[in-house]
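Inside the fold
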Amino acid sequence: NAGVTQTPKFQVLKTGQSMTLQCAQDMNHNSMYWYRQDPGMGLRLIYYSASEGTTDKGEVPNGYNVSRLNKREFSLRLESAAPSQTSVYFCALHPPAATEAFFGQGTRLTVV
Amino acid sequence: QKEVEQNSGPLSVPEGAIASLNCTYSDRGSQSFFWYRQYSGKSPELIMSIYSNGDKEDGRFTAQLNKASQYVSLLIRDSQPSDSATYLCAVKLSGGSEKLVFGKGTKLTVNP
């Protein structure tokens, strides 16, 4: 999807391993979001960042950390992966008064 | 916990019919409402946003908002097989937050 680059696309982790999901935008928007999507559950907000250097918890932040070191990048880190974190993860931009929203391509994460 | 509820699916309609998707929300102060479409295995895409009571039309899509009843709906006229997807309702929380809460989605199938 134009403007939001999310990596990796697929990942398999063993329980207890760590990893960082990367998200970068070239649209100069302040707010960035991380969601997880489980079957039949819609999108649930993990963390969001209203601007560079600020982050705030969403509905399901436990087990995750985030970092917004600059305006362009917003990373999501799993310090010790658990099978319950098996999900599809999306990075997104929702500009204020939006007529568009921008999602990354998603990361399909499996924790075994 | 602010909630967004969507009518349980799946919803199946014949080609050419009107598909009606419904959503209720609990945050009475919410002012911004969105409908996203998500094809299987793909990222969500924003198809409608609505901020004022009443109807908003865009091609075959009509969003309807009733803030007093805390209700938002999406009508798809002349449904096409290409409209088959999961539709997600999202509400921006009140209080100056940029957080969105999503419903669990309604899967729509349009039968040729």
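This section reports on the structure supplied with the text.

Rules used throughout
- Residues numbered from 1 in each chain as written.
- Chains lettered and ligands numbered in written order.
- Predicted model: local features only at pLDDT ≥ 70, side-chain atom pairs only at ≥ 80, totals over all residues.
- Heavy atoms only, no water.
- Helix = DSSP H or I, 4+ residues; strand = E, 2+ residues; numbered from the N terminus.
- Rg over C-alpha atoms; globule rule 2.2 N^0.38 Å.
- Buried < 20%, exposed > 50% of the residue type's maximum accessible area, 1.4 Å probe, protein only.
- Contact = heavy atoms within 4.5 Å.
- Areas by Shrake-Rupley, 256 points an atom, 1.4 Å probe, with all protein chains shown as cover.
- 1 Å grid on protein atoms, 1.4 Å probe; cavity = no way out; pocket = protein on both sides within 12 Å on 5 of 7 lines; lining within 4 Å.
- Points joined across faces, edges and corners; volume = space filled by probe spheres on them.
- Nonpolar A, V, L, I, M, F, W, Y, C, P; charged D, E, K, R; others polar.
- Pairing = 2+ DSSP bridges.
- Axes fitted to C-alpha atoms, helices over the stretch in contact; angles between N-to-C directions.
- Phe/Tyr/Trp six-rings, centres within 6.5 Å; stacked < 30°, edge-to-face > 60°.
- Salt bridge = Lys/Arg side-chain N within 4 Å of Asp/Glu carboxyl O.
- Buried area = accessible area lost by both parts, 1.4 Å probe.
- Polar contact = N/O pair within 3.5 Å; in protein donor to acceptor, adjacent residues only side chain to side chain.

**Some remarks on the overall build of chain B**
- When helices and strands are counted, chain B shows 0 helices and 11 strands.
- Starting at the N terminus, the α and β elements of chain B follow one another as β-β-β-β-β-β-β-β-β-β-β.
- A compact globule built from 112 residues should have a C-alpha radius of gyration of about 13 Å, and chain B, at 13 Å, falls within 12% of that.
- Looking at chain B as a whole, 48% of its 112 residues qualify as buried.
- In chain B, 53% of the contacts between residues at least 6 apart in sequence involve partners at least 24 apart.
- About 5,200 Å² of surface is accessible on chain B, with carbon and sulfur atoms providing 47% of the total.

**Here's the deal with the layout of surface pockets**
- In this model, the largest pocket occupies a volume close to 690 Å³.
- Mapped onto the lining of the largest pocket, the elements with two or more residues apiece are strand 9 (87–93) and strand 11 (107–111) of chain A together with strand 9 (85–92) and strand 11 (106–111) of chain B.
- Looking at side-chain class alone, the lining of the largest pocket contains 9 nonpolar, 16 polar and 6 charged residues.
- Taken as a whole, the second largest pocket holds about 210 Å³ of empty space.

**Quick word on the pairing of strand 1 (residues 4–7) of chain A**
Residues and elements named next belong to chain A.
- Here strand 1 shows a clear split, with V4 and Q6 buried on one side and none of T5 and T7 buried on the other.
- Here 4 bridges tie strand 1 to strand 3 (residues 19–25), and the two strands are oriented antiparallel to one another. Each residue of the ladder has a partner; that of Q6, found in strand 3, is C23.

**Some words on the sheet that holds strand 6 (residues 54–58) of chain B**
All names here are of chain B.
- Pairing in this open sheet of 5 strands is antiparallel, and the strands run 1-3-8-7-6 from one edge to the other. Each edge of the sheet is formed by a strand with only one pairing partner; in this case those strands are strand 1 (4–6) and strand 6. Neighbour-to-neighbour, the strand axes of the sheet open up by a mean angle of 20°, direction not taken into account.
- Judged from the 6 bridges that link them, strand 7 (residues 61–66) and strand 8 (residues 71–76) form a sheet pairing that is antiparallel. Opposite T62, over in strand 8, you have L75 as the bridge partner.

**What to know about the packing of aromatic side chains**
- Within this structure, the stated rule accounts for 10 aromatic pairs over all chains.
- Here the aromatic cluster, defined as three or more aromatic residues joined through ring pairs, consists of Y33, Y35, Y48, F90 and F103 of chain A together with Y36 and F102 of chain B.

**Observations regarding the pattern of salt bridges**
Residues and elements named next belong to chain A.
- Tallying each qualifying case throughout the model produces 8 salt bridges over all chains.
- Between R72 and E73 there is a salt bridge; the shortest N-O distance is 3.8 Å.
- The salt bridge partner of E79 is R77, with a shortest N-O separation of 3.1 Å.
- On the basis of relative accessibility, which here comes to 42%, the residue E79 falls in the partly exposed class.

**Section: the interface of chain A and chain B**
- Taken residue by residue, the interface counts 26 residues in chain A and 19 residues in chain B.
- Approximately 1,700 Å² of surface area, both sides summed, lies buried where chain A meets chain B, with 53% of it carried by carbon and sulfur atoms.
- In this assembly, chain A and chain B are joined by 1 salt bridge.
- The partner of K99 of chain B in a salt bridge is D56 of chain A, with the nearest N and O atoms 3.6 Å apart.
- Linking chain A with chain B are 5 residue pairs in polar contact (both at pLDDT 80 or more).
- Secondary structure elements with two or more residues in the side of chain A that touches chain B: strand 4 (32–37), strand 5 (43–49) and strand 6 (56–57) of chain A.
- Within the side of chain A that touches chain B, the residues separate by chemical class into 12 nonpolar, 10 polar and 4 charged.

Interpretation note: all reported values are geometric properties and have no functional meaning in isolation.
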